[in-house]
Each structure stands twice: as C-alpha cells, then as structure tokens.
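Chain and residue survey
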Amino acid sequence: MIKYKNRTHNQRYWRLWRCILTGLNVLALILSAILSCHFLKGGAMVGCGGGSPCEQVLNSRWSMIAGVLPVIGLADGAYLSMLVASFFTHPAREVQVRRLGWSVMLILSGAISGSAIWFIIIQKWIIKSFCLYCTATHTTGLLLAILVIKQAFTDFGGHSNNNSLPNSTKIRNIFSSTTGLIFIGLILSGLLAVSQMNYTPSAKSLNSKPQMPSVDYHTVPMVGNPEAPYIVTLLFDYQCSHCQKIHFILNEVVRRYNGKLGFVLCPAPLNSRCNPYILHDTDAFRNSCELVRIALAVWIVSREAFEAYERWMFTFESGDKWHPRSIDAARTKAIELVDQAKFDAALSTPWIEQYMQTCINIYGQTIQGGKGGIPKLIFGSHWIIPEAYNADELILILQESLNVPKP
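Report on the accompanying structure. This is a predicted model, so every value here is computed, not measured.

1. Focus on the packing of helix α8 (residues 288-301) against helix α10 (residues 327-338)
For the pair α8 and α10, the least separation of the axes is 10 Å and the interaxial angle reads 5°. Considering their axes alone, α8 and α10 lie roughly parallel with respect to each other. Taken together, the residues of α10 that come into contact with α8 (itself represented by Glu290, Leu291, Ile294, Val298 and Val301) are Ile327, Ala330, Arg331, Ala334 and Val338. Classifying every residue of the contact of α8 with α10 gives eight nonpolar, no polar and two charged.

As structure tokens, this is what we get:
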C-alpha cells in the first residue's frame, strides 16, 4: 500500500514537472521562432521601431555567427531538441533510455544557460541596450535549464546502477556525471562566444536603386575638413543613445587622421512624420524630426554655434546616463546661441527640409531586409552600423570594415 502511494505520488509529481517543463520549452521555442521569422522576413518587430534598443540588438554583429548564421537559429534547434528529448524521460521508459534522454537535456541545458548568460552580458555591457524579445527568450531558457538540472539530479539518484554503494559515493557519482554533461554544454556556448568575439563584421553594399544622393561637403554640417581625401557620412538621430556615443569619438578620430578624414553629419530622424522609411514609430523618437530642424537652423546661422550646440545636445545633463534633450530645451539653447530673430528666419529656410530629405534618402538606401538601425557610417558604396566605444575601435572599423585608408 505504501509503495502504491509512493508510486502514485511520484507519477503526479512527474506530470506536474512535465507540464511546467513543456510549457517553458514551448514558450522558449515560440519566442525564438518569432525572432527567426523577423530575421527571415525583415522589417521591425512589434513594439520595436527603427533605432529602438530592440532594433539595435537585433541588427548588431552579435545576432549573427560569422555574419552568416543567425544565433537564434541555434536556439530554435536547441529548444526543439530539448522538447523531443524530454519525451524519453517518462518513468515508464527503460533506465538506459531515460539516462540518454537526461544526458541530452543536460548538455542542452548547459549550452542554453551559458548562451543566455553570454547574451545578457552582451546586451548589458557591450551593446548597452536590451531587446525585450531576446531577454524574454534568455530568461525562459535559464528557468528551463534550472528545472531540467534539478530534476535530472533527482532522477539520476533514483536509478543508481549499484545500490550497494554508500549514499555519499552515490551522490558523488551523480554529481560528477551530471555536472560533466552540463560542462560539455557550457563548452559549446563558450565556443560560440569565442567565435563571435574573433569575428570582424564586413560592410554592406548600398542599394543601387536609385542613385546615391550627392552632397556638397562645403554646404553641410561636418566634423573635420570638407577638403579631406576621405569623407565618411554619419547617419544619426538626436534621440539615439548609440549616436551619442559615436559623436564624442569623432573629433579624436579626425585628429589622428591629421586632416585626411572628415565626417558628414547627416541627420536621419527615426520618425514617420518626416521619414517614410520608418514603418513603426516608438516614443523614444517622437521628437526626432523637430530636433533636426532646430539643429540645422542653428547651423545656417552660425557654424561655430552649431559645434557648441552639438556638444550640448549630446552631453550628459546629470547622473551617469544620457537623456535626449526636449524640444523646448533644444529651442531655448538654440536661441541662446544665435539670437531669436536669426533663429526664426533660419528655421523657415527651405534648405532644412531639402537636406533632411537627402539624409533620409541615404538612410533608405541602407535598409536591407526591412532593417534600418542607426548610427550608420557610409564610405563609398558601403555602410556599416559601428559598434565602437572609443577612438581605437572606431578607427579599426573604418579601416577593416569600410576600407578607409590608414592616415
């Protein structure tokens, strides 16, 4: 009678565990499938407009392996394999079959948990932006791995091949066998991390239809000399945190090139009110169009004032995190620098809309597969989304990815 009750209790526990495991597994598989569809079809994810933190993560070099295989494709395979292997852990299965199923699941748990931790680190400290879909997938994967590892210890312990061994020896054997399998999975995730760290992303070609809009470097905002032999175009938005980081590196890069390099400042607002290539607006860029108009009005009145205005726009106001300026604050600063009457006159100049549309058209030619993150660097017929946090990294990207000659 006691054995029957214990067996019934174990069966009920296993059914509960199986429901939770299958639910987490299916949820992780659905999330990864959504991300895979996004990769194949292109376009913006729901709730992730152009330039959003989500888009920054999905368009980064870290979303790919060697620039060819999407990382999320591996996740699809891992979660599907986990789901299939779980069917071989039923208590009615033979012990050898169950151990094989658990072995596969433990290796996958190590790989999933290691990869999840790796990509959380990337989002937190390298990209410094979080993708809601990616984070949800990683969190679900970690919970799934923890559940599998916990249950595997229990199941391995309940089916020891040698019941004559002391309990302490059994525990050591169980621990060594399970942790060994988990470690194999962690090694696999480590190989993924190493392959990504050692990969140098290559630039992408501009869309050749229609022709690239021409820009007279003497009549547009620049960092550096318009007569420099190497001119790189920077597409940016005044509400983009990654653009803010790039802006504070430009002057140092120009200095190291000793006048041979210049950057064209080409604002491409990520808002559909002025940019038809933005299909899904986000609150983060709701003021982008107007902020560009204010900045370009300052440039028309005074190029020296524009330089000071740019520094102010991208400077930390307080704390350790940069926040975009509001329209009212930007307008007040502009008037402070160039005078109310001159600013109002410049704001009505047709050139502002013309140049903004030129930059937007350039932005449109850098969209591939419906994806259009920023900032973007363009040199010749190639472009890249730079992931640089100091002058050394940006120079390396210019030279190795965009083939900008050395100074």
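2. Quick notes on empty space enclosed by the protein
Tallied over the entire structure, the rule returns two cavities of 30 Å³ or more. By volume, the largest cavity is sized at about 80 Å³. In terms of lining, the largest cavity is formed by Gln56, Ser60, Ile127, His242, Ile374, Pro375, Ile385, Pro386, Glu387 and Tyr389. Split into classes, the residues belonging to the lining of the largest cavity amount to six nonpolar, three polar and one charged. Put simply, the second largest cavity is a space of about 30 Å³. Lining the second largest cavity we find His242, Lys245, Ile246, Pro375, Pro386, Glu387, Ala388 and Tyr389. Partitioning the lining of the second largest cavity into residue classes produces five nonpolar, one polar and two charged.

Parameters at a glance
- Numbers given for residues are sequential positions, taken from 1 along each chain in its written order.
- This being a predicted model, a pLDDT of at least 70 is required before a residue's local features are given, and a value of 80 or more before pairs of side-chain atoms are given or counted; all residues contribute to the totals for chains, interfaces and linings.
- With hydrogens and water excluded, all non-hydrogen atoms of the structure serve as input to the side-chain values.
- Only the stretch in contact is used when a helix axis is fitted, and all axes are lines through C-alpha atoms; the angle between N-to-C directions ranges over 0 to 180 degrees.
- Secondary structure is summarised from DSSP: a helix means a run of H or I of at least four residues, a strand means a run of E of at least two, and numbering begins at the N terminus for each.
- Working definition: roughly parallel below 35 degrees, roughly antiparallel above 145 degrees, roughly perpendicular at 65 to 115 degrees, and oblique for all remaining angles.
- In what follows, a contact means two residues having at least one pair of non-hydrogen atoms within 4.5 Å.
- Under the convention adopted here, Pro, Cys and the residues Ala, Val, Leu, Ile, Met, Phe, Trp and Tyr are nonpolar, Asp, Glu, Lys and Arg are charged, and Gly plus all remaining residues are polar.
- In this analysis a 1.4 Å probe is tested at points of a 1 Å grid over the protein atoms alone, and where it fits but cannot get out there is a cavity; an open set with protein on both sides within 12 Å along at least five of seven lines is a pocket; lining residues have an atom within 4 Å of a point.
- Grid points are joined across faces, edges and corners, and a volume is the space filled by probe spheres set on the points.

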